[in-house]
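Read off the chains here:
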Protein chains: 2
Amino acid sequence: MAKSPPRTPVWRSIAITLTDDIAQGRYETGAKLPAEAQLAERFGVNRHTVRRALADMAEQGLVHARRGAGVFVAAKPTDYPVGKRIRFHQNIRRAGRVPSKKILRLEVLAADAREADALDLAPGDPVVVYEGLSYADDHPVALARTVFPAERLPGILEALDAHDSITAALKACGVEDYTRRETRITAKLATATQALHLRTSEGAPILRTTGISDDLNGVPIEFGRTWFAGDRVTLTVGDD
Amino acid sequence: MAKSPPRTPVWRSIAITLTDDIAQGRYETGAKLPAEAQLAERFGVNRHTVRRALADMAEQGLVHARRGAGVFVAAKPTDYPVGKRIRFHQNIRRAGRVPSKKILRLEVLAADAREADALDLAPGDPVVVYEGLSYADDHPVALARTVFPAERLPGILEALDAHDSITAALKACGVEDYTRRETRITAKLATATQALHLRTSEGAPILRTTGISDDLNGVPIEFGRTWFAGDRVTLTVGDD
DNA sequence: AGGTAGTATTTGTCTAGTTGTATAGTACAT
DNA sequence: ATGTACTATACAACTAGACAAATACTACCT
């Protein structure tokens with residue numbers, strides 16, 4: 001009978017539409033969305049189907065509901081400045097959110113060719129590999145994999161474990177300041193594990209940045225890639 | 001010893017029986033058929049066999065199923081004139097049916113580039129976005145999304161909410177008359193939500209008209225798109 | 001003005017029913 | 001052998017309605 005039934009559930013397309021409305025600024029931060037009943041009418045579905053969509057959006061921290069009051073836009077996509085000085089905690093706080101981190105992996109490995117090249121090492125030299133999740137208001141914003149030259153930064157592994165911020169850990173290793181030499185940005189689709197970490201869905205748009213940071217002497221001390229949830233983050237370049 | 005097996009499949013005879021029921025007025029247009037499970041019981045067959053029959057009928061446009069709701073007798077085709085003066089209520093009444101409308105969405109938003117261009121506004125100027133469903137004899141005929149220049153038509157939002165017809169709402173805002181500058185017609189396939197509203201299936205053929213209307217001074221006051229259920233509406237052009 | 005009660009909205013939760021899809025299996029005809 | 005017709009079962013997706021709980025609004029009283 002029906003040609004092709006919607007392979008994507010209706011509630012998901014509703015969530016996408018509303019997310020798009022918010023992302024495009026049609027509803028501002030803190031604004032109240034139309035009532036569930038009205039949205040149900042607009043989309044021609046039952047109220048429960050709308051609730052399913054809103055629940056999905058709420059889980060991603062995009063929106064939050066107050067019983068009796070309504071559903072409100074929790075957050076427009078976070079602006080994340082990309083420039084010479086990239087400090088996650090500063091960036092998030094500047095956006096009026098509370099930053100936090102979670103370490104997924106922290107170990108010493110032998111540098112591969114790419115890492116050695118970026119950090120000006122010989123292949124096989126020891127590097128500290130750090131993989132972590134960055135949160136804004138307890139919502140995952142970015143997934144990062146960063147590589148540090150182990151011999152150039154003695155004690156960096158323990159420092160990363162002890163301190164919550166990379167900046168603080170580097171300072172503990174004697175790096176007073178560091179700047180981003182270059183940042184490359186590309187668009188990707190989320191893999192299954194990335195989607196899991198970033199609490200989005202597989203195939204969702206992802207912003208991937210690749211960068212190298214130097215200390216004040218121009219010696220590379222960090223090579224890393226970061227994956228941002230594309231619909232939750234807007235990278236901004238300039239005014240640095 | 002072997003009985004002669006039915007040359008015509010069971011499902012076909014079920015389809016014929018049900019089609020006959022509809023033709024004889026046992027189920028009226030728009031009415032809900034008994035649930036598949038009940039029909040299965042009535043005919044003493046498995047539910048899937050009934051589904052096979054209903055699928056056949058749906059393909060012929062006789063019935064339409066809504067997941068979770070039921071199977072409904074489809075509506076008959078309507079003629080809809082398209083010309084310089086497009087008045088929904090007049091058009092439907094001329095076809096001997098009772099027109100009605102339902103507002104799905106009514107908000108003030110910022111105009112996007114396309115809307116601004118059509119209405120001769122600057123992008124970001126406030127526009128009233130109206131989305132509505134048009135019915136003939138309580139059967140959905142068209143889905144419309146119309147955009148009005150908010151500043152050019154003060155009070156249009158309230159007027160649209162208060163009056164049942166767009167013509168009446170515009171008159172309340174001082175627009176005595178308006179004519180369609182141009183109408184473009186294309187064929188599309190129904191999206192999931194469009195299909196839900198128009199009570200047809202996703203992927204069903206859709207007639208989409210895009211048009212701009214001017215007031216008597218030639219100032220654009222309306223930019224809208226309308227989606228008609230292709231197998232239930234015939235657009236007619238001429239004698240204007 | 002200010003508080004209070006009542007009413008209407010709005011989200012949260014629950015139960016039940018219906019169609020859509022997938023899988024597995026039997027009978028039978030060509 | 002292969003395909004068609006049909007049965008059987010299970011689950012997912014969506015609808016429908018009802019009620020509870022929290023909130024917002026309005027009219028009224030003091």
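In case you missed it, the structure is sitting above this.
These figures come from a predicted structure and were not determined experimentally. (Residues numbered from 1 in each chain as written. Chains lettered and ligands numbered in written order. Predicted model: local features only at pLDDT ≥ 70, side-chain atom pairs only at ≥ 80, totals over all residues. Heavy atoms only, no water.)

Visitor: Can you walk me through the packing of aromatic side chains in this structure?
Guide: Note on aromatic pairs: each is described by the distance of the centres and the angle between the planes. Residues and elements named next belong to chain B. A complete count under the given rule lists two aromatic pairs over all chains for this structure. Centre to centre, the rings of tyrosine 80 and phenylalanine 88 are 6.2 Å apart; their planes meet at 35 degrees, and the pair counts as tilted. Aromatic pair tyrosine 80 and phenylalanine 228: ring centres 4.9 Å apart, planes at 55 degrees, arrangement tilted. Taken as a pair, tyrosine 80 in strand β3 (residues 78-82) and phenylalanine 228 in strand β9 (residues 220-229) lie far apart in primary sequence, 148 residues in all. Accessibility assignment for this pair places tyrosine 80 and phenylalanine 228 in one class, buried. Taking NZ or CZ as reference, arginine 52 lies 3.9 Å from the ring centre of tryptophan 11, over its face. The positively charged end of arginine 87 is found above the aromatic ring belonging to tyrosine 178, 3.8 Å away from the centroid. (Phe/Tyr/Trp six-rings, centres within 6.5 Å; stacked < 30°, edge-to-face > 60°. Helix = DSSP H or I, 4+ residues; strand = E, 2+ residues; numbered from the N terminus. Buried < 20%, exposed > 50% of the residue type's maximum accessible area, 1.4 Å probe, protein only. Lys NZ or Arg CZ within 6 Å of the ring centre and 35° of its normal.)

Visitor: Help me understand the sheet that holds strand β4 (residues 99-110) of chain B in this model?
Guide: To summarise the sheet geometry, strands pair through backbone hydrogen bonds and adopt either a parallel or an antiparallel arrangement. In spatial order, the strands read β4-β5-β6-β9-β8-β7 (chain B); together these six strands make up an open sheet with antiparallel pairing. On the outer flanks of this sheet lie β4 and β7 (178-189) of chain B, each paired with one strand and no other. When strand polarity is set aside, the average angle formed by the axes of neighbouring strands in this sheet is 15 degrees. When β4(B) meets strand β5 (residues 126-136) of chain B, the two strands line up antiparallel, connected through eleven bridges. Following the sheet pairing, Leu106(B) is matched in β5(B) by Tyr130(B). Against the sheet, helix α2 (residues 36-43) of chain A touches β4 and β5 of chain B, its axis set at about 115 degrees to β4(B). (Pairing = 2+ DSSP bridges. Axes fitted to C-alpha atoms, helices over the stretch in contact; angles between N-to-C directions. Contact = heavy atoms within 4.5 Å.)

Visitor: Even after reading the chapter, I still don't get the nonpolar core, so can you show me in this structure?
Guide: Proteins that are soluble and globular tend to have nonpolar side chains buried together. Counting 19 residues, the largest nonpolar core has Leu18(A), Leu33(A), Leu54(A) and Met57(A) as the members making the most contacts within it. Mapped by element, the contributors of at least two residues to this core are α1 (10-23), α2, α3 (47-59) and β2 (70-73) of chain A. Here this core gets five residues from one element, more than from any other, and that element is α1(A). Leu33(A) has contacts with Tyr27(A), Leu54(A), Val63(A), Val71(A) and Val73(A), leaving out every residue within four places of it along the chain. In this structure, Ala53(B), Leu54(B), Ala58(B) and Val63(B) belong to the second largest nonpolar core, which totals 17 residues. (Core = buried A, V, L, I, M, F, W, Y, C linked by side-chain atoms within 4.5 Å.)

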